Each structure stands twice: as C-alpha cells, then as structure tokens.
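The chain contents come next:
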Amino acid sequence: MADQEQLPKADPRTWTTEALAARLAELDKAYFQRGESLIPDAAYDRLKDELRRRDPAHPALASVGAPTESEPGDKVEHAQAMLSLDKCTTFAEFWAWYRGALAGTTDRANSLRLDDEAIAWSATPQGALVAVPKIDGLACSLRYDRTGRLLRAATRGDGRIGEDVTVNARKVPTVVQQLPADRPGDGDLEVRGEIYLPLSRFAAVADSYANPRNLAAGTLKAKENPAIDPGWLAFFAYDLLGAPSASESSKLETLARMGFAVPAWQKVLAPEAQRTFDQFDAARPTDEFEADGIVLRLDDCALAQRLGVTAHHPRGAIAWKYAASADTTTLQSVHWSVARTGTITPVALVAPVNLSGATVTRATLHNLSNLRRLALRPGDVVEIVRRGGVIPHVERVVTPSDEPLCEPPTACPSCGTTTRVVARDDGKGKAVEILVCGDPANCITARQRTLLHYCQALELEGFGDKVVEVLIDQGLCDNPADLYELTADDLLPLPRFGELLVANLLGQIAKARRVELPAFLVALGIAALGKQTAQLLSSRGDLAAVRAMDAEQVAQLHSLGDKTAAAIVAGLSDKAELIDALLRHVEVVRPAAVERAGAGPMAGEVVVFTGALPSMGRRDAQQLVVRLGGIAGDSVTAETTLLVVGGDELDAAEPSSKLKKARKLQASGGAIRIERADAFFARVAEAS
Ligand code: IVH
C-alpha cells in the first residue's frame, strides 16, 4: 500500500471505505436523478476503482448504473419473505399455541404439554415473551446499505415481492435516512415495521377518507400528488434483519438506539398474558395508531429460529387479536332522524352485527354528503366500523345490491313540510350538505325534542320520550311554556297516566317555577348556548341584562368567538316569544354563587356544606342560605365564613378536603367558623 502521508488529500486512496461509498452514492444520485455530473468522469472512475479494489462486493458498486431512486410501484423482491402471523382471540387459544411452541423446542414434547411444566418453563429466560401492539398500518421493509444509507423502501406485497415506495418513504420523518455509525453488524441491514397515519392527523381529514390505513397506503404508493403530505405518515419499527440479535427485546432496544420509533413493548410471562392483553387494549383510546391486537413473540431469537416457519407464519410468534371492531352486514334501510334543531340526519339500519362485544343495528351516516358519497342501496353488504369505541359508522359498501339508491326524503318524516338542503361547515372547515326540515318550529318531532330538552335541562324527572310524545300528540303542549298550564284534569284521562304519575309530574312542574338563570338559558335549546356559555352569560347580570346584550358585548365574554356570539344573540331574539311566555310562569333567579348578599338573618355569611346533611339535600340547604340573605359556595375559600359539617365527619379519622382546608384557614388566623349540621339547622330554624 502507498504511503498515505505522501498522497494528496483528493486521492481516493486516502479515504475511508465509508467516505468512498457515501461520495459515490451522492454522485450516483445527482447523475441518475437529476442528470448532473458533479465531477469529471475520470475522477468518478478513480473513486469507483478504489472502492472495487478494497471491496468488490460493496453495494455502492452494485447500485451504479441502476438508479437507486426507482419509481413508485416497481417490483421489489424481498431478501427474506415477509410472512404473516398466526392468530388467536382468547387466552385459551394463546395458551395452546404457547404450549405447542414450547413442545417444539424440546424433545420432551409430550410431558411439556402439561400445564404445570409449561408454567414452570414460562418463568425461565427461554420461556419469556415480548408483547408489542399489532399496528393496523402498512408493513414496510427498509433496506440500508453497508454505509447505513437508506437504499430502498418497499411494501410487503404478497410477502415475496412488494412495491417500491422509496420516494415517499424518504419523506416520512420517522423513517431513518442514515443509520448511525455504531449500528450492529458490518453489512446491509433491513428494518421492518409498520407505516401508519397518526390518528390526530387523520382526524383533520376523516370526513373525506374512509380510514387511516387506506389513506396511508394511497399516500405512500402515490406516483404524484399524494392525497396528503407523506410527511404526515409515521413509521414504527419492530424487526431488524442482517445483524444477529440474542433477543427480541434487545432487538427493539437496538432499533430505538439507531433512531427508530419503537412501539411501547413489554416482557411477558405467558400465564399472565391476559393481563398484558387487557393493558394494551385499555391504552388504545389514547394511542396515536389503530391496533387490531397484540403480537407476542418468544424473546429468545435462537429458540424462535429453531422453531422455524410455516409457509404462512413464524412458529415463535402469534397475534392475539382484539374483538373485531369492524365487520360486514346488510343494510336494511336508511332512517331519517329529526333533531331538535330541525336537522334531519340519515342513520343506517342494518342486520345485527357484533362489534367489539356489542350488538350493533344502527350506524351513523353523519350527513347527506356522506350518504351520497357512499351511494347506499337497501340490501348492500356494508362494512360497519366502531372506531375507538365511538358511535358505529358505515365505512364503505362491500357489495352493492341492485336496488334503487337511498334518496333523502323530500318531506320531513316528522311534520311533512318540504325539506331543504343547506351547506354547513362540518366544524373542521369543510362544507357538507345537510338536510333540514323546512319548518322546524312547527315540526312535531322538532317540538318534541325542544320540550324534551327543556325538561332535561331543568332536570324534571318523569318527562321522558314517551310522556313528552303523548303531551304533544294530544295537543297539550305546543311549547315548554304550556307545561305550566297543565292540570290533573288534563293528564288523568291520558292512557297509562295514573294518579301517582300525574302527581309526580305536577310536582316536578311546580319545582320548575323557580329556575336558575344558567339552566333557564340552556333549556331554551339554542344550539350555540351550552352549559358553560350560559354560566358565562349569567355572570354578567340577570335575564333582562343578558337579553339586552348585543353580539359585540357577548363576544367580549371570555373565549366566545364572533360567530358563537352572533348565534347566541340571534337565538335569544328568535326565542323572544317563548321566553316571554315562560316568564309568565317562571321566576328566573341568579344562581346562589353569584347572588349578592342582601338583607336577612344570614346577610354577610358565605356558607359551604360538607358531609351528609340530616334534614335536606345539599341543593335545598344552599337555597335556604340564599333565601336568608347569605351566599352558598361550593368550595372552601378565603371568603368562606362558615363550613357546615354533616354526618360524623367532625370525628372522622380522615376529614374531607373541605374540612381540612377550613382547619388550615383557621390555623392561619382566618375568620371561618366550623359548625355541626344539626346545630346549624336548629339555629336557622329559630332565626327564620
Ligand atoms: S411482527 C412474521 N409486530 O402484522 C411477521 N407484526 O399478520 C412478524 N404487524 O403484515 C411481524 N404490527 O406488518 C409484528 N408489532 C408488530 C406488528 C406487526 C403490525 C403486521 C405485520 C404483518 C402482519 C402480520
């Protein structure tokens, strides 16, 4: 070899092999992808000759002449087949696999089929398992050359031959482009894992695409204009080929060290696998990926190697699947459900199907746009998905029937008024078409919902679907204000309205003659006016003051946007007639918390209750305080003047947090008093 000291730096003989390969790769890329020659051909040849002299089999040489950046869709033969996994769905099936697997590892096969021997074996290092979530994405193989450079990314395909996806995979942030120098082995490496679309990303486009898996696949395989930025995708690594690993767990550690994202994994004792399965299952709602089960692998790689593979799967691993959250069934019809606001929403009625342990017969279709996209026909075989435990929805049509398309009704199914189609923002900035009743104010179902909502908002017991339906059908209640004019004589003749029921209903109505402002506002059923907003508004004054506010003033309330503010003001003015009618029967009061102390025996007191009260419920006790001129609070603060303690809490070993806080305030010189509930009520009875 030449004396390196004497050679100029540009001479390739002074370079490390790694630097040579990296430079060649860079030059190849420029030449084959962009048609650029970065250096003269002769200089290029010298680099190549030097590398060839040192290592004739170097992959950087093989890549010359064949562009590394192949086209998406090109066929790629896998160096080692990408197999599938054996499956099970219960602990019993899992355990049978485990015993069978371990029987294959020993010549004492028969005796090891005994449970107690299997249990003993499971506690040895050889019997250990590793559990990993089974991610419902796209299996992907990443090949790296011996310089650690990403050469090729390919899908699984049929297991033997996959599709080239290098161009798009390079844009995935968690696909490592260059392995660090301290990687294992000294040759090519292959990393296998799953490409998926994180669910928070999918949420932003969920209405336009069927599911995250298909969207990820489409994006990864796209030749041009992928539907979403491939940079949104993510990669989880679970396998490493080309460098020997002693165990699956050390393999996962190596992958993580090389910069790969690795799914949260656990070492598992086989007899306790059920607990592991349940833990992974419970974590699913907060996971950023969809998982359809867990993968359990023998930790000991040598053992797994000895067990070998079938044509379909390795014997040393199994997928324990979660209860199916997607299945096919038949569409029977589309039901149109009329909401309180007059929106008419399509719902698919389907033949019963079991999804994650629940029988499903209805699946949401969201809105008219979505129904049209699916082009549903009665008799279609459809796929129903219950994602993350939420309301099941129709994912897609698997086999269309030849019945006519399901069309939206031209007349409201509840009141018969001509329906209208309106464009709405779906809340995510996308316009969707929805069907609405042409006259929601008069629509029976809409009225029914309005009344039901009013009763629910005021917590009127007994006013459920059936009672409300009868009241409306009989023409007794056109709007919530009519409730207050109901008499026993109106109600007793109704079918199944016995004396007891009627007495209860009238008692509830009497209770609803005095209503706190926030509840009253919510009960009006204005879409933009929920509980929290109502509380905000109530903090600004009484009902008259709230009604007098304009959109600008409402918008100035903390966290309310212009749109919401405008909707609230418009809603209050739409409901002016109803509000006036209600005010003929209802006294609307400021809630205890915002009522300012006036005159009365309890003026100046700020009272908080804790523990079980002897003679009345806590709400009633708070109202009593307010009636006597005091303020009733929910939590102990520096302003609290009196803590009333019920039950035997004062003597309890573990005082409530309110009591602890009150004692602390006392200790630091606070003015708060602590009084037993029975003493308090006796005192109050005397005073009032
Ligand atoms: S281990 C022999 N681990 O499931 C295959 N596979 O049915 C060994 N998959 O297409 C694979 N998450 O892509 C393994 N954590 C995980 C996985 C996982 C998803 C996929 C895999 C393969 C399929 C096997």
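**Some thoughts on the overall build of the protein**
Counting its regular elements, the protein contains 26 helices and 24 strands. For the protein, whose C-alpha radius of gyration is 35 Å, the value lies well above the compact-globule estimate of 26 Å for 688 residues. By its C-alpha atoms, the protein is 110 × 70 × 65 Å across when sized along the principal axes. Accessible surface, the protein: about 34,200 Å² in total, of which carbon and sulfur atoms supply 51%.

**Side note on the pattern of salt bridges**
Overall, the coordinates contain 27 salt bridges when judged by the stated rule. Glu-50 is the partner of Arg-53 in a salt bridge, and the nearest nitrogen-oxygen pair spans 2.7 Å. Note that Arg-53 and Glu-50 are positioned in helix α2 (residues 41-54) at a spacing of three residues, about one turn of the helix. On the accessibility criterion, Arg-53 (53% relative accessible area) is exposed.

**What about the side chain of Asp-55?**
On the secondary structure map, Asp-55 appears in the loop between α2 and α3 (59-62). A relative accessible area of 15% places Asp-55 in the buried class. At 2.6 Å, the side chain of Asp-55 and the side chain of Arg-146 are in polar contact. Asp-55 has contacts with Leu-61 and Arg-146, leaving out every residue within four places of it along the chain.

**Topic: the site of the ligand**
In the vicinity of the ligand, 14 residues are found, and the nearest of them are Pro-133, Ile-135, Ala-139, Glu-194 and Tyr-238. Within the contact set of the ligand, an oxygen atom lies 3.3 Å away from a backbone nitrogen or oxygen of Leu-85. In the environment of the ligand, an oxygen atom lies 3.5 Å from a nitrogen or oxygen atom belonging to the side chain of Arg-156. Relative to its unbound accessible area of 520 Å², the ligand is 90% covered by the protein chains. Cavity membership is defined here by more than half of the atoms lying within 2 Å of grid points; on that basis the ligand lies in the largest pocket. Counting only elements with at least two residues in the shell around the ligand, the list comes to β3 (129-135) and β10 (291-298). Here the element with the most residues in the shell around the ligand is β3; it accounts for four residues.

**A word on the sheet that holds strand β24 (residues 673-676)**
Spatially, β22-β21-β23-β24 is the arrangement adopted by the four strands of the open sheet, whose pairing is parallel. In this open sheet, the two strands that pair with only one neighbour each are β22 (631-632) and β24. Alignment of strand β21 (residues 606-610) against strand β23 (residues 642-645), held across four bridges, turns out to be parallel. The residue of β23 that forms the bridge with Phe-609 is Val-644. With respect to the sheet, helix α24 (residues 618-627) is in contact with β21 and β22, its orientation differing from that of β21 by roughly 165°. The sheet strands contacting helix α25 (residues 657-667) are β21, β23 and β24, and the helix crosses β24 at an angle near 135°.

Rules used throughout
Residues numbered from 1 in each chain as written. Predicted model: local features only at pLDDT ≥ 70, side-chain atom pairs only at ≥ 80, totals over all residues. Heavy atoms only, no water. Helix = DSSP H or I, 4+ residues; strand = E, 2+ residues; numbered from the N terminus. Rg over C-alpha atoms; globule rule 2.2 N^0.38 Å. Areas by Shrake-Rupley, 256 points an atom, 1.4 Å probe, with all protein chains shown as cover. Salt bridge = Lys/Arg side-chain N within 4 Å of Asp/Glu carboxyl O. Buried < 20%, exposed > 50% of the residue type's maximum accessible area, 1.4 Å probe, protein only. Polar contact = N/O pair within 3.5 Å; in protein donor to acceptor, adjacent residues only side chain to side chain. Contact = heavy atoms within 4.5 Å. Near = heavy atom within 4 Å. 1 Å grid on protein atoms, 1.4 Å probe; cavity = no way out; pocket = protein on both sides within 12 Å on 5 of 7 lines; lining within 4 Å. Sits in = over half its atoms within 2 Å of the grid points. Pairing = 2+ DSSP bridges. Axes fitted to C-alpha atoms, helices over the stretch in contact; angles between N-to-C directions.

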